[in-house]
Structure formats: C-alpha cells, structure tokens
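If you want the building blocks of each chain, they are given just below.
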Amino acid sequence: MLNQEKNELLTRVGRGTPMGDLLRRYWMPIAGVTEFERRATKPVRLFGEDLVLYRDLDGKWGLVDRHCPHRRADLAYGFPESEGLRCNYHGWRFGADGSCLEQPYEDVAHPEARMKDRIRITAYPVQEKAGLLWTYMGPAPAPLLPDWEAFSWPNGFRQIVLSEIPCNWFQCQENSIDPVHFEWMHNNWSLRQRGVLQPYSPAHKEVGFEEFEHGFLYRRVRGNGRKEDPMWAVGRVCLWPNAVFLGDHFEWRVPIDDENTLSVCWSYTRVPRESEPYVQASIPTWHGPIRDEHGDWISSHVMNQDFVAWVGQGRIADRSLENLSASDRGITMIRKKFFEELDAVAAGAEPKGVLRDPDRNHKVELPLAFREILTGGMPLAELKAHPIFGRHLHDYVFQAGQPEPVARAYREAMGLDDGGGH
Ligand code: FES
Ligand SMILES: [Fe+2]
C-alpha cells in the first residue's frame, strides 16, 4: 500500500516530474522503421509532449514538436525535404537538431533580419535499432542505446507490435515482476475461456526475486517443478526501467502521458533448422487492436490478457487501496528501487543500468532461459513437439490481430507448407 503522494511519484511522467526526469534518462522505443514505408511523418505523444517523428529525403530521422513555432500549424502534415521537415502552412523548415533552416518569405524579403537564427523547435535525437526507432528525451550527453544480444540473433523471424493502452505506465511495468499472474491470468483464465473447468494448471510453490545490473530477476517453482528448472535456475527478466525480457520477446511500456501507455513488443521466433539460413529483409511492424467489435477488451492472447489486467486497475491504479501479499515482494522491490533512483537522479547521480562505455555495449547478454534453443535452433519435428516453442510455430500467441501478410511471411520463414491456414 502506498499513500497518494508516493503513488503520484511513481506514476506522473510529465516534464519536470521526478519520474518523468528519471525515465527520460533512457532510450525509449517509439515506432517501427517499416511504418515509414507508407508514411513520411508520424504524430507521436511521449511523456505528455506532442511530437512528430519523420524521415527526411536523405534518410535522416527527426523527432520535433508537433506544432510549428511560427503560428502553430500541425507538423504531422509537414513534408520532409532533403534536410529536415517543412511546415505545410508557410514553409518554414526545421533540422533534426531543432534549428530553423529556412523561412521562405523572410529569407527573400528580409534576409538581413536573420529571424531564423532566433527560432528553435523542441527536438530529440532518434536512432534506429532492431527495426525500431528510439528516442532519448533526457539531458545531454545521451547514453548509449542498449545493444541487447537478442537484437542480433540470426535465423529468426522478428516482428514489432504496437498498442496504445489507456492506463498509466507503472501498473504495466509492475506486471513485469509478477510471476503468479501467469498461472491465473494466462493459464487458468485461458482454460476457462475454452470451457475447461479443471484441472487448473500447476500452482506456484515458491517465487524468488533478485536485483541485477539491468533490472530484476523473478524465479518460480510450479507444481512438481524443481529449482534446477530454467524458470528458477535462470528466471525471467524484469528489465529496468520499463520493460520485460522473456527470451523470445521484449515488451516495453512507454509513457504516452500519465493515463496512456505505448506497448511495444519486439519478438523473435527462431526458424527450424531445416529453414536455415534465414535472412529477414525487414522487420514488420503492426498495430495490435485491444478491443473487439463489441467494444470489449480482447482476451484471447497473452498480452491482451495482460492489457485487461492493467486497464482494469483504473487509469492510474490507486495504490492506497491495495493489500500486497507475499507474492508481491518483487513489486515492493521495484517500487523501493524507483524511489531510490528518483532521489539519486534529483541529486545529480547517474541512474541504474545506463550504458556509456561502448566496449560494454556489444550484444549485451541478459539472463536467458532456453539459451540453447533460442541461439542454436531445433529441427522442425522437435520444435513441433516442444511444450513452449511448439505453440509458436503456427500462430502468433502474444497478441491478437496479426495481419495476414505478416502471418504469411512468418509461415514462409518457418518453412510451413500449410496451404495458407492460420
Ligand atoms: S505555421 Fe508553420 S510556417 Fe507558418
Ligand atoms: Fe502476463
């Protein structure tokens, strides 16, 4: 249980808030590169700021204020030039660094005034990695964008799914260190959705939590499981500050504002050995719907089930009304760590896990269960029979709404000749 003041500290992310200041010290994934195959600009809202992401004609990325500093026109309708983005109202042009490069009328009629030298637009750096576009909205100098090992695994089909979730980011992130929900929200609720009343899935017998450089590990023993099993021996990664890494996928929870969160899922599915070598030309990005045709939350897929939990907690969960139990020890640990980090950043210290040494930012390894399978692959027959990876072979299990062209490319990558059935 937390009082309102502490709840606000964890949840408020606007400019000048302690949590906003902390999270802005990290690179955040905000879009997929392939989204720009069909558009030149994309309006985005991040940490309560309305911005426009664009690629100029020379291929350089920019992220600037949504509104032109001249008379506030919407730069999402601007057009990229060989350098920078031009406002479609009176043609002012801005560079990716926020400088004003051109004011067509002023430059001709009053060149001596050089008014453009006095104009700046808010601008944040953008980098491309793993098919994602990332931004850093904190103070200079920016740290390094983490080069997680999984980003360079070969022979896999990668895909990116974006969804906007109408609730605060922190309740999403608390889900990243909540082992017991897996038994109920995913296993048992899925059974009930299929009409199965019993038996329920193996119960959690023990959970463990531990901090490491890039976050926290959570461990579990279920049913007749043992501590030698990967889910205890290796555990799962609650990735600092706003993600989870589950071996075959990452999920980031990026604050749009205090009451909305961008869910970014990057997943990797290793192709069967028979389909190697597999080289993916580009990583598709698609938007995952969160409501069905009746307006109800979709609950058929793992992450959609999580979304139901998050939005069900309210736009901003009221932690003064909760009753934490022994299974919530990990949640208490991350809250405590966040409070420490808020103080540390306010005192001018470097926050947890920030990478600045290029020698330490090369294929950075995270604790990884099933490492041999993910990095070494399996023959098709073994893959089909595998209790975890087998169910990934035909369907995208994480989120509903995968577009058919992505499903088709996936089946081709897996070498499945299934006549187009999905
Ligand atoms: S409002 Fe953008 S150039 Fe005038
Ligand atoms: Fe979950």
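Given the structure is predicted, the values throughout are model-derived calculations rather than measurements.

1. Some thoughts on the overall build of the protein
- Tallying secondary structure elements over the protein gives eleven helices and 19 strands in all.
- Over its C-alpha trace the protein gives a radius of gyration of 23 Å, about what one expects of a compact globule, namely 22 Å for 422 residues.
- Summarising its shape, the C-alpha atoms of the protein cover approximately 80 × 55 × 50 Å along the three principal directions.
- Across the 422 residues in the protein, those meeting the buried criterion constitute 37%.
- Restricting the contact set of the protein to residue pairs at least 6 apart, pairs at least 24 apart contribute 62%.

2. A few points about the sheet that holds strand β10 (residues 126–129)
- Reading across from one edge, β1-β11-β10 is the order of the three strands in this open sheet, with antiparallel pairing throughout. Across the chains shown, the open sheet's two edge strands, defined by having one partner strand only, are β1 (28–32) and β10. When the angles between neighbouring strand axes are averaged without regard to direction, this sheet yields 35 degrees.
- Here four bridges tie β1 to strand β11 (residues 132–135), and the two strands are oriented antiparallel to one another.

3. Some points on the UniProt feature "domain: Rieske" (unreviewed entry) in the protein
- Listed under "domain: Rieske" (unreviewed entry) in the UniProt record, and renumbered for this structure, are residues 27–135.
- Taken as a whole, residues 27–135 contains 6% helix and 39% strand, while its terminal C-alpha atoms sit 5 Å from one another.

4. Quick word on helix α8 (residues 329–346)
- Here α8 contains 18 residues, and its C-alpha end-to-end distance of 26 Å stays within 8% of the 26 Å for a straight helix at 1.5 Å per residue.
- Of all the residues in α8, the buried ones are Gly330, Ile331, Ile334, Arg335, Phe338, Glu341 and Val345. Seen from one end, α8 has its buried residues packed into an arc of 135 degrees, which puts them on one side. When the buried face of α8 is taken as reference, the exposed residues oriented beyond 90 degrees from it are Lys336, Glu340 and Asp343.
- Lining the buried residues of α8 we find α1 (4–11), α2 (18–23), α4 (169–174), β13 (204–212), β14 (215–222) and β15 (236–239).
- Just past α8, the residue Gly348 takes up positive phi, approximately 90 degrees.

5. Considerations on the sheet that holds strand β8 (residues 100–102)
- Judged by pairing direction, the sheet is antiparallel, and its four strands sit side by side in the order β5-β6-β7-β8 without closing on themselves. Of all strands in the sheet, those with a lone pairing partner are β5 (79–80) and β8, marking the two edges.
- Of the pairings in the sheet, the one linking β5 to strand β6 (residues 85–86) comprises two bridges and is antiparallel in character. Its bridge partner being in β6, Phe79 is matched across the sheet by Arg86.

6. Concerning the packing of helix α5 (residues 180–193) against helix α7 (residues 302–312)
- Where α5 meets α7, the closest approach of the two axes is 10 Å, and the angle between their N-to-C directions is 120 degrees. Taken together, α5 and α7 sit at an angle that is classed as oblique. The way α5 lies across α7 gives a crossing that is right-handed. Contact residues: α5 offers His181, Met185, His186 and Trp189, while α7 offers Val302, Gln305 and Ala309.
- Residues that form the contact of α5 with α7 fall into these classes: four nonpolar, three polar and no charged.

7. Describing the environment of Pro403
- Relative to the elements of secondary structure, Pro403 occurs in the loop between α10 (380–385) and α11 (404–414).
- Its 11 C-beta neighbours within 10 Å are what place Pro403 among the exposed residues.
- Along the backbone, Pro403 and Trp286 are 117 residues apart, and their C-alpha atoms lie at a distance of 7.4 Å.

8. A few points about the nonpolar core
- Judged by nonpolar contacts, the single largest core of 75 residues is most densely connected at Ile30, Leu46, Leu53, Val64, Trp134 and Cys238.
- When residues of this core are sorted by domain, at least three fall in each of domain 1 (33–129) and domain 2 (142–414).
- Residue contacts for Val64: discarding those within four places in its chain leaves Leu51, Val52, Leu75, Leu85, Phe94, Gly98, Ile121, Thr122 and Ala123.
- Core analysis: the next-biggest nonpolar cluster, separate from the first, contains five residues, Val271, Tyr410, Ala413 and Met414 among them.

9. Some words on the domain arrangement of the protein
- In terms of domains, the protein is made up of domain 1 (33–129) and domain 2 (142–414).
- The centre of domain 1, based on its C-alpha atoms, is set 34 Å off from the matching centre of domain 2.
- On the domain 2 side, the residues contacting the nine residues of domain 1 number twelve residues.

Rules used in this analysis
Residues numbered from 1 in each chain as written. Chains lettered and ligands numbered in written order. Predicted model: local features only at pLDDT ≥ 70, side-chain atom pairs only at ≥ 80, totals over all residues. Helix = DSSP H or I, 4+ residues; strand = E, 2+ residues; numbered from the N terminus. Rg over C-alpha atoms; globule rule 2.2 N^0.38 Å. Buried ≥ 20, exposed ≤ 12 C-beta atoms within 10 Å, placed from the backbone. Contact = placed C-beta atoms within 7 Å. Pairing = 2+ DSSP bridges. Axes fitted to C-alpha atoms, helices over the stretch in contact; angles between N-to-C directions. UniProt positions renumbered as here; feature names shortened; annotations may be inferred. Expected span 1.5 Å × (residues − 1). Arc of directions from axis to C-beta. Parallel < 35°, antiparallel > 145°, perpendicular 65-115°, else oblique. Left-handed = near helix turned anticlockwise from the far one by under 90°. Nonpolar A, V, L, I, M, F, W, Y, C, P; charged D, E, K, R; others polar. Core = buried A, V, L, I, M, F, W, Y, C linked by C-beta atoms within 7 Å. Domains from an automatic or database assignment.

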